[in-house]
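# Fold and contact review
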Number of protein chains: 2
Amino acid sequence: MAGALLFSSRLDDPVAWSNALKTEMPGLDVRVSPDLGDPADIETALVWKAPPGELASLPNLKLITNLGAGVDPILADTTIPPHIPVARLGDAVMAQMMSQFVTFAVLRHYRGIAQYERQQRESRWEYVLPRASYEVPVGVMGIGMLGGAAARMLAGIGFPVAGWGRSQRTIEGVETFYGAAGLAPFLARTEILVCLLPLTRETRHIVNRDVLYQLPRGAKLINCGRGGTVDEVALLAALKDGQIAEATLDVFETEPLPADHPFWAMEQVLVVPHIGSIAVPEVAARDVIENIRRLRTGQSLLNIVDRARGY
Amino acid sequence: MAGALLFSSRLDDPVAWSNALKTEMPGLDVRVSPDLGDPADIETALVWKAPPGELASLPNLKLITNLGAGVDPILADTTIPPHIPVARLGDAVMAQMMSQFVTFAVLRHYRGIAQYERQQRESRWEYVLPRASYEVPVGVMGIGMLGGAAARMLAGIGFPVAGWGRSQRTIEGVETFYGAAGLAPFLARTEILVCLLPLTRETRHIVNRDVLYQLPRGAKLINCGRGGTVDEVALLAALKDGQIAEATLDVFETEPLPADHPFWAMEQVLVVPHIGSIAVPEVAARDVIENIRRLRTGQSLLNIVDRARGY
């Protein structure tokens with residue numbers, strides 16, 4: 001039967017997604033990878049890191065939706081015909097969840113919680129006078145859908161927030177910098193750096209040794225965007241040297257993070273397994289189905305990725 | 001010289017406070033305990049847990065200002081003549097700092113960070129699908145200056161928040177419950193309980209076994225108010241039993257928390273040394289000096305504690 005949707009993810013729950021999709025579009029034929037049935041039936045695909053070649057094997061595929069905001073895994077799969085449009089998910093709930101995770105990490109670094117954790121391990125009560133948050137400038141690299149929302153939440157709870165992006169943007173309550181010329185002044189005023197950049201040719205290893213050392217000494221780094229945007233060798237050296245005092249890392253150059261990677265054992269690094277934010281099926285299914293309706297009625301599709309730009 | 005201010009705290013920085021007070025009132029004679037000089041000179045006192053008897057020894061004392069929001073240590077000092085008015089500090093920065101700490105603790109519990117910390121110790125990458133925050137009801141006990149601000153911040157970043165207080169109150173975006181009759185329904189809908197109550201005769205051990213077991217099983221507790229409001233024996237039992245899955249404790253029945261207290265070693269408890277919020281000298285000095293001016297010109301004083309009510 002034509003018009004089927006292929007669901008292909010090793011991380012997301014196929015039952016929850018099937019139910020959510022069928023709530024929005026009763027009768028939708030959902031096939032869960034690797035049980036494709038007749039590949040010719042499949043019209044659209046909803047995927048997170050589908051096995052290479054799987055999408056290329058679908059002769060009637062008309063739309064690929066990425067189960068998340070970062071589409072670098074799809075664009076890296078050169079077997080996918082480039083004329084098939086790729087949409088990315090990114091709704092208000094996903095942006096809020098990411099903003100909350102970033103807010104947690106910023107507050108944890110700002111309040112020096114890692115030091116209290118050390119003291120707790122030693123049953124040691126030691127008062128450290130906190131600073132007011134208006135003295136702690138936070139900088140967000142990448143101020144698109146997710147980074148912009150995070151910057152707004154942080155400003156809303158009392159931090160001086162700046163954002164840096166590829167091109168000029170205005171966010172209420174947030175100082176913005178852009179382009180190559182804006183990077184140095186942005187870094188110089190940033191004590192806690194949040195990285196929420198997409199992974200593209202331009203952003204690979206954008207947070208390198210030079211960038212890390214343009215931050216004030218003892219700065220803290222949070223990466224919730226893509227592992228490949230940070231040069232991990234440079235970050236390790238900066239952490240050992242004290243230039244970067246602490247880090248919260250949700251994404252890595254290699255995921256899962258290998259068991260022998262030094263990040264795991266570093267007291268000043270909080271490692272979390274790429275859980276900053278997810279697409280919640282009950283919410284995100286609405287956008288998936290809206291695009292299927294648009295596809296079938298010839299309307300313009302939403303949230304389509306610019307392959308040249310990379311996001 | 002009459003009109004001196006006595007600063008008496010073993011925790012706060014006398015130099016920072018002297019400078020801040022003199023910025024607001026140049027020429028103010030600040031005496032730092034235990035160097036009182038002539039006790040008859042002292043007109044006002046700014047104190048945190050002054051040694052018992054110290055304030056009673058000042059014959060011309062006209063106003064005591066508490067270096068924080070919780071005045072239970074002053075009211076417990078029976079040597080202080082009860083006709084001397086007691087003011088408490090509690091400005092917008094203090095409320096924001098407390099709200100940020102509570103927000104950190106709520107986000108940490110909501111996102112199950114303790115589990116990721118365990119996984120990190122084992123170099124183990126294990127994905128756990130997060131829930132959306134709209135599914136996680138937070139309840140704030142004590143919705144005065146600090147609790148009300150915390151409830152508003154939590155609602156603002158996306159939690160369903162309810163507040164419980166002694167008497168009826170309205171907070172925009174927050175469902176409110178009050179009095180004895182309101183406690184059971186408030187607890188039944190609360191998955192993360194934040195305690196920001198003052199310590200009074202009525203609130204001592206208000207969070208007892210009965211209250212803890214009216215929360216849904218696996219609830220999480222954050223106490224940033226006063227240690228004495230929670231029955232620690234009941235909390236320990238509820239933590240061991242799993243009724244309370246996790247806790248963040250900033251305040252304790254005995255402070256500093258004794259080195260042999262079981263809380264220190266509990267993986268599901270985050271212990272911090274009463275650092276939820278402080279009075280920032282540069283900000284709070286304005287309120288201290290404003291009251292001195294009012295005292296001297298016979299105007300009504302601000303933020304005066306009701307001794308009968310206890311806060």
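As a reminder, the structure under discussion sits directly above these lines.
The structure presented is a predicted model; accordingly, all values stated were derived computationally and were not measured.

This part takes up the interface of chain A and chain B. How large an interface is tends to be reported as the accessible area lost when its parts come together. Facing 54 residues of chain A, the contacting portion of chain B comprises 54 residues. Buried surface at the junction of chain A and chain B, both sides included, amounts to about 4600 Å², of which 69% is carbon and sulfur. Scanning the region where chain A abuts chain B turns up 0 salt bridges. Our enumeration of links across chain A and chain B arrives at 16 residue pairs in polar contact (both at pLDDT 80 or more). When residues of the side of chain A that touches chain B are traced back to their parent elements, those giving at least two are helix 3 (92-110), helix 4 (113-121) and strand 12 (269-271) of chain A. Split into classes, the residues belonging to the side of chain A that touches chain B amount to 35 nonpolar, 10 polar and 9 charged.

The subject of this paragraph is the pairing of strand 4 (residues 63-66) of chain A. Residue and element names in this part refer to chain A. With burial as the criterion, each face of strand 4 is covered, one bearing Leu63 and Thr65 and the other bearing Ile64 and Asn66. Relative to strand 4, strand 3 (residues 42-48) is paired through 4 bridges, and the arrangement is parallel. Counted as the bridge partner of leucine 46 is threonine 65 from strand 4. By the bridge criterion, 3 bridges tie strand 4 to strand 5 (residues 86-88) in an arrangement that is parallel. Across the sheet, residue threonine 65 finds its bridge partner in strand 5, namely alanine 87.

The next point concerns the pattern of salt bridges. Residue and element names in this part refer to chain A. Under the criterion given, the structure shown has 26 salt bridges over all chains. With a shortest N-O distance of 2.8 Å, arginine 31 and aspartate 29 are connected by a salt bridge. According to the relative accessible area criterion, arginine 31 is buried, its value standing at 12%. On the basis of relative accessibility, which here comes to 18%, the residue aspartate 29 falls in the buried class. Of the charged contacts, one joins arginine 124 and glutamate 122 as a salt bridge, the two residues approaching to 2.8 Å between their closest N and O atoms.

Residues and elements named next belong to chain B. The contact between helix 3 (residues 92-110) and helix 5 (residues 145-156) brings their axes to 8 Å, and the two run at 50°. Considering their axes alone, helix 3 and helix 5 lie oblique with respect to each other. Considering the relative orientation of helix 3 and helix 5, their crossing is right-handed. Here Met94, Ala95, Gln96, Met98, Ser99, Gln100, Val102, Thr103 and Val106 of helix 3 come into contact with helix 5, specifically with Met145, Leu146, Ala149, Ala150, Met153 and Leu154.

Superposition record for chain A on chain B: RMSD 0.0 Å, screw rotation 180°, translation along axis 0.0 Å. Within this description, the copies of the chain are treated as partners about a two-fold rotation axis. For chain A, the minimum C-alpha distance to the rotation axis belongs to A:Phe104 and amounts to 2.6 Å. Both copies contact each other with a shared surface, as 100% of the interface residues of chain A are interface residues in chain B too.

Generally speaking, nonpolar side chains in soluble globular proteins are found buried as a group. A:Trp17, A:Leu21, A:Phe159, B:Trp17, B:Leu21 and B:Phe159 are the most contacted members of the largest nonpolar core, which totals 120 residues. Not counting chain neighbours up to four residues away, the residues in contact with B:Trp17 comprise B:Phe7, B:Asp12, B:Leu46, B:Leu67, B:Leu89, B:Ala279, B:Val280, B:Pro281, B:Ala284, B:Ala285 and B:Val288.

All names here are of chain A. Where helix 1 (residues 14-24) contacts helix 9 (residues 281-297), the axes come no closer than 8 Å and their chain directions differ by 55°. What the angle tells us is that helix 1 and helix 9 run oblique. The way helix 1 lies across helix 9 gives a crossing that is right-handed. Between helix 1 and helix 9, the residues in contact are Ala16, Trp17, Ala20, Leu21 and Glu24 and Pro281, Glu282, Ala284, Ala285, Arg286, Val288, Ile289 and Arg293, respectively. Considered class by class, the residues forming the contact of helix 1 with helix 9 number 9 nonpolar, no polar and 4 charged.

The next subject is the sheet that holds strand 4 (residues 63-66) of chain B. Residue and element names in this part refer to chain B. If you trace the 5 strands from one edge of the open sheet to the other, you get 2-1-3-4-5, paired in parallel fashion. In this open sheet, the two edge strands, each paired with only one partner strand, are strand 2 (30-32) and strand 5 (86-88). Strand-to-strand twist of the sheet, defined as the mean angle between neighbouring strand axes without regard to direction, takes the value 25°. Where strand 1 (residues 4-9) lies against strand 2, 3 bridges are found, and the strand directions are parallel. Counterpart to phenylalanine 7 in the pairing with strand 2 is valine 32. Where helix 1 (residues 14-24) meets the sheet, its contacts fall on strand 1, strand 2 and strand 3 (42-48), and the angle it forms with strand 2 comes to roughly 170°.

With that settled, the discussion passes to helix 4 (residues 113-121) of chain B. For helix 4 of chain B, every residue scored as buried is listed here: B:Ile113, B:Ala114, B:Tyr116, B:Glu117, B:Gln119 and B:Gln120. Contacts from the buried residues of helix 4 of chain B go to helix 3, helix 4 and strand 12 of chain A together with helix 3 and strand 11 (244-249) of chain B. Of the residues flanking the end of helix 4 of chain B, it is B:Ser123, one or two places downstream, whose phi is positive at about 50°.

What follows concerns the side chain of A:His109. Residues and elements named next belong to chain A. Looking at where histidine 109 falls in the secondary structure, it is placed in helix 3. Using a relative accessible area of 0% as the deciding quantity, one classes histidine 109 as buried. Residues within four places of histidine 109 in sequence aside, it is in contact with Ile192, Lys220, Leu221, Ile222, Glu246, Ala247 and Thr248.

Before going further, it helps to examine unusual backbone geometry. All names here are of chain A. Residue proline 34 is reached from serine 33 by a cis peptide bond, and omega for that bond is 10°. Along the polypeptide, proline 34 turns up in the loop between strand 2 (30-32) and strand 3. Cis geometry marks the peptide bond from glutamate 255 to proline 256, where omega comes out at -5°. The topology assignment puts proline 256 in the loop between strand 11 (244-249) and strand 12. In this model, serine 123 sits at a positive phi of 50°, which is unusual for a non-glycine residue. Mapping serine 123 onto the fold places it in the loop between helix 4 and strand 6 (138-141).

This part covers the sheet that holds strand 7 (residues 161-165) of chain B. Residues and elements named next belong to chain B. As summarised here, the arrangement of the 7 strands in space is 8-7-6-9-10-11-12, forming an open sheet in which the pairing is parallel. Both edges of this open sheet fall to strand 8 (175-178) and strand 12 (269-271), since each of them pairs with a single strand only. Going across the sheet, the axis of each strand differs from the next one's by a mean of 15°, ignoring polarity. Its contacts with the sheet put helix 5 on strand 6 (138-141) and strand 7, and the angle it makes with strand 6 is roughly 170°.

Turning to the packing of aromatic side chains, a few remarks are in order. For the structure on display, the rule yields 13 aromatic pairs over all chains. On the numbers, 5.3 Å between centres and 90° between planes, the contact of A:Tyr110 with A:Phe159 is edge-to-face. Of this pair, A:Tyr110 sits in helix 3 while A:Phe159 sits in the loop between helix 5 (145-156) and strand 7 (161-165), placing them 49 residues apart in sequence. The pair formed by A:Tyr110 and A:Phe159 is uniform in burial state, with each residue classed as buried. Considering the side-chain rings of B:Phe252 and B:Phe263, the 6.1 Å spacing of their centres and the 50° angle between planes classify their relative orientation as tilted. Taken together, the positions of B:Phe252 in the loop between strand 11 and strand 12 and B:Phe263 in the loop between strand 11 and strand 12 put the pair 11 residues apart, joining distant regions of the chain. The same class applies to B:Phe252 as to B:Phe263, namely buried. Three or more aromatic residues link up through ring pairs in this structure, and these residues are A:Phe101, A:Phe104, B:Phe101 and B:Phe104. If you follow A:Arg309 out to its NZ or CZ, it ends over the ring of A:Tyr311, 3.9 Å from the centre. Across the ring face of B:Tyr213, the terminal group of B:Arg209 is positioned such that the distance to the ring centre comes to 4.3 Å.

Cut-off values and rules
Residues numbered from 1 in each chain as written. Chains lettered and ligands numbered in written order. Predicted model: local features only at pLDDT ≥ 70, side-chain atom pairs only at ≥ 80, totals over all residues. Heavy atoms only, no water. Contact = heavy atoms within 4.5 Å. Buried area = accessible area lost by both parts, 1.4 Å probe. Salt bridge = Lys/Arg side-chain N within 4 Å of Asp/Glu carboxyl O. Polar contact = N/O pair within 3.5 Å; in protein donor to acceptor, adjacent residues only side chain to side chain. Helix = DSSP H or I, 4+ residues; strand = E, 2+ residues; numbered from the N terminus. Nonpolar A, V, L, I, M, F, W, Y, C, P; charged D, E, K, R; others polar. Buried < 20%, exposed > 50% of the residue type's maximum accessible area, 1.4 Å probe, protein only. Pairing = 2+ DSSP bridges. Axes fitted to C-alpha atoms, helices over the stretch in contact; angles between N-to-C directions. Parallel < 35°, antiparallel > 145°, perpendicular 65-115°, else oblique. Left-handed = near helix turned anticlockwise from the far one by under 90°. Least-squares fit on C-alpha atoms with pLDDT ≥ 70 in both. Core = buried A, V, L, I, M, F, W, Y, C linked by side-chain atoms within 4.5 Å. Phe/Tyr/Trp six-rings, centres within 6.5 Å; stacked < 30°, edge-to-face > 60°. Lys NZ or Arg CZ within 6 Å of the ring centre and 35° of its normal.

All we've got here are geometric facts, nothing functional implied.
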